[in-house]
Amino acid sequence: MMGKLTGLKDTLWAIGIGICLVAVLFGLIFAMAHGYGGSSEKPGVDLGAATNIKDEGTAQQAPLAPGELNELKETKNAGQDYLASLTFICDSTMIGMRDYGMLSGGSANTQVWGSTAGAGIFGAQFYGKGDHKGVRYALRFKLIFSVLMAVIAIVALLFFNNPLISLFLTESESGGDLVLTLSEAKNYLFVMLIGLIPFSFSQSYSSTLRETGETVSPMTASIIAIVTNFVLNYILIFGSFGAPRLGVVGAAIATVAAQLISTLGCFLYAFLKYPELRLHREDWRITWRDVSRHLIQGVPLGLQFSVLSIGIIVMQGVVVQFDILDGVMVSNAAQNGFGAAHKLNNLLMTPFNGLGSAMTSFAAQNLGAGDYARIRKGTLQALIIAAVITAVMVGTGLLLTINGAYLHIFLSADKVTPETIRYGNAYLHIDLAMYPFLAFIFVMRNCVQGIGRPQFILGAGTAELVARVTVCLLLPPAIAGGAVSAAAPMLAFYAMCAADPVAWMSADAVLSVPFIRNILRSDYRYFYRLDKSDL
């Protein structure tokens, strides 16, 4: 009886937090349905004149569907990020993956496909200029490169799945049965690998649609996918309606099926509604120059996510030490608290991700169109939007820390202890207090990426990594008076948590250079030094 009550309590916590996330999602959609009030005049290049552009081997074409350059339409992508988060919460709640310790997975997708961001930037710049052929070239590169990355990822995960999965497993997350956790994780992974190539197609087409101002259809595809995932979860996980009870494998099958539907929907929509996005034979010609210029833009962003992951791994290594005394694991409180708090932190960052994605396309489109004043105005207004989002997310985060409410969705009831709450809340309180610095990173990093300054993106990522690792490795031992252990004072844990804010401020310092020099002063002389055939 008590077990059923505990399960019901956990389910109610999951539903409650899910409702909060959905409420924030619809609030974002409502707020972002309105433009920021900029001028409705077309900048620099008259996109309406694009009807006179002729592509090789094609007849005259109408311009792409009007995605007004002065509206941050892509901020609806925040809704898609939330839907992805809700999809995973749905999986973890229904299958009980909290006891298998697999909630830390899924973050590698950004690193695998982050390098295609270079093509996305060129695609948005081409769209700003009204160059359909250039947009198709960018889409072509995304398709080729993302499929190649998917194949490499599949091969790597097939041959090195044990060590890679083990990086994300700790005894605290798996309930002590690492063998069972590893086995279930491998079963889940093998099914998910099937969906990598369809996922690469989906990402390529949905991102291209967003770069041209079309945001509703990718989000609609995401909504259909989450509904499909939910229904198939219920059928395949629990063996409903006569289906076999597949457990973890059923959750993976449901996710892959949902991805396939999303991929098919995005492709058909782009193919039928936008004839100018249909690839022609000559579009598949590729040169080393095409590869190099896309990689120069995209690789720094891909590396940015990689160095972020390295920094988090270092932090997790220090966190484990707070549960060890004289070489023996005496508690899991620090690991459980930090792990759950970090996952909530990622959810709270989702609106910033959406706003940042919007600013990449916004800046790139207006750079291609030659309207530099609009880049400056839009960036400043995006910072105001980021400030509002910061206030909402900080408030939401603080409310969820009351009595450790967020812990009940990420951890089973027996793991939610006063010590777990103390460690988790300590991490969240420090991070939430410094969210303004994080908001600046999301806006500036993507604006700088959009105006074609990848060296500063890589520099900011490097500064962030160095700062986070330095604080983690030096400050806690200094306060603890030696090696960090379960006997260390709580102040040492606070010092470790300070690694995030220090890393954010270091990245802000680097990103401030192009923000002041190029965006505020509208200095784009470097752009004119590019070969004009690029745009």
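As the structure is a prediction and not an experimental result, all values here were calculated from the model. Positions within a chain are numbered from 1, following the residues in the order the chain's sequence is written. Residue-level local features of this predicted model are given only where pLDDT is at least 70; pairs of side-chain atoms are given and counted only at 80 or more, and the full residue set underlies all totals for whole chains, interfaces and linings. Calculated side-chain values reflect all of the structure's heavy atoms, with hydrogen atoms and water omitted.

J.: How would you summarise the overall build of the chain if you had to cite specific residues and measurements?
T.: By definition, any uninterrupted DSSP run of H or I lasting at least four residues is a helix, any uninterrupted run of E lasting at least two residues is a strand, and each is numbered from the N terminus. Helix and strand counts for the chain stand at 22 helices and 2 strands. The buried share of the chain, taken over its 535 residues, is 55%. The criterion used for residue contact is that any of the two residues' heavy atoms lie within 4.5 Å. Sequence separation of at least 24 residues holds for 83% of the intrachain contacts in the chain that already meet a minimum separation of 6. For the chain, the exposed area adds up to about 22,300 Å²; of that, 68% sits on carbon and sulfur atoms. When a residue's accessible area, from a 1.4 Å probe over protein chains only, is under 20% of the maximum for its type it is buried; when over 50% it is exposed; and in between it is partly exposed. The accessible surface values rely on the Shrake-Rupley method and a 1.4 Å probe; as for residues, cover is taken only from the protein chains in view.

J.: An account of the nonpolar core is needed here, citing residue identities and associated values.
T.: Buried Ala, Val, Leu, Ile, Met, Phe, Trp, Tyr and Cys residues form a nonpolar core when they are joined through side-chain atoms within 4.5 Å. With 73 residues, the main nonpolar core has Phe322, Tyr435, Phe493, Met496 and Tyr524 as its most contacted residues. It is helix α18 (residues 435-450) that provides the largest number of residues to this core, a total of 10 residues. By size, the runner-up hydrophobic cluster in this structure holds 12 residues, among which are Phe126, Leu139, Ala270 and Leu277.

J.: Quick rundown of unusual backbone geometry? Include the residues and the values.
T.: Non-glycine residue Phe241 carries a positive phi angle of around 55°. Looking at where Phe241 falls in the secondary structure, it is placed in the loop between α10 (216-238) and α11 (248-273). We note that Asp326 has phi near 55°; this positive angle belongs to a residue other than glycine. Tracing the sequence through the fold places Asp326 in the loop between β1 (324-325) and β2 (328-329).

J.: Before we move on, could you go through the packing of α18 against helix α21 (residues 499-520) and cite the residues and values that matter?
T.: A pair of packed helices can be characterised by two numbers: the angle between their axes and the separation between those axes. α21 packs onto α18 with a crossing angle of 45° between their chain directions and a minimal axis gap of 9 Å. When the axes of α18 and α21 are compared, the pair comes out oblique. As α18 packs across α21, the resulting crossing turns out to be left-handed. Listed contacts from α21 to Tyr435, Phe437, Leu438, Phe440, Ile441, Met444, Arg445, Cys447 and Val448 of α18 are Trp504, Met505, Ala507, Asp508, Leu511, Ser512, Pro514, Phe515 and Ile519. Taken together, the residues of the contact of α18 with α21 sort by class into 15 nonpolar, 1 polar and 2 charged. Only the stretch in contact is used when fitting a helix axis, every axis being a line fitted to C-alpha atoms; angles between N-to-C directions are given from 0 to 180 degrees. Angle categories: roughly parallel below 35 degrees, roughly antiparallel above 145, roughly perpendicular from 65 to 115, and oblique for all the rest. Whether a crossing is left-handed or right-handed is set by the direction in which the near helix is turned from the far one by less than a right angle, anticlockwise for left-handed and clockwise for right-handed. Residue polarity is assigned by list, with Asp, Glu, Lys and Arg as charged and Ala, Val, Leu, Ile, Met, Phe, Trp, Tyr, Cys and Pro as nonpolar; anything else, Gly included, falls into the polar class.

J.: Could you give me a rundown of the state of the cysteines, with the residues and numbers involved?
T.: Only a pair of cysteine sulfur atoms within 2.5 Å qualifies as a disulfide here. Applying the stated criterion across every chain, the model contains 0 disulfides. Left unpaired, Cys497 is separated from the closest cysteine sulfur, that of Cys472, by 8.8 Å. Exposure remark for Cys497: the relative accessible area of 0% places this residue in the buried category.

J.: Before we move on, could you go through a nonpolar patch on the surface and cite the residues and values that matter?
T.: Patch building starts from residues that exceed 30% relative accessible area and form no salt bridge, then joins like charges within 9 Å and nonpolar side chains (Val, Leu, Ile, Met, Phe, Trp, Tyr) within 5 Å. Think of a salt bridge as a Lys or Arg side-chain nitrogen and an Asp or Glu carboxyl oxygen that are within 4 Å of each other. A surface patch of nonpolar side chains, about 800 Å² in accessible area, is lined by Val151, Val155, Leu158, Phe159, Phe160, Leu164, Phe190, Ile197 and Phe201. For the nonpolar patch, the element with the highest residue contribution is helix α5 (residues 132-159), accounting for 4 residues. Here Phe159 is to be found in helix α5.

J.: An account of α21 is requested, with residue identities and associated values reported.
T.: Because an α-helix packs 3.6 residues into every turn, residues spaced three or four apart end up facing the same way. Here α21 is 22 residues long and its end C-alpha atoms lie 29 Å apart, about the 32 Å a rise of 1.5 Å per residue gives. Fitting axes to the seven residues that end at a residue and to the seven that start at it, the angle between those axes gives the bend at that residue. Along α21, the sharpest kink reaches roughly 30°, centred on Leu511 and followed within four residues by the proline Pro514. Taken as a whole, α21 has its buried residues at Ala499, Asp500, Pro501, Ala503, Trp504, Ala507, Asp508, Leu511, Pro514, Phe515, Asn518 and Ile519. Ser522 lies just past α21 and shows a positive phi near 55°. Take the residue count of a helix, subtract one, and multiply by 1.5 Å to get its expected span.

J.: So what's going on with the environment of Leu473? Which residues, and what values?
T.: Within the secondary structure layout, Leu473 lies in helix α19 (residues 454-480). What Leu473 contacts, discounting residues up to four positions off in sequence, is Val314 and Val318.

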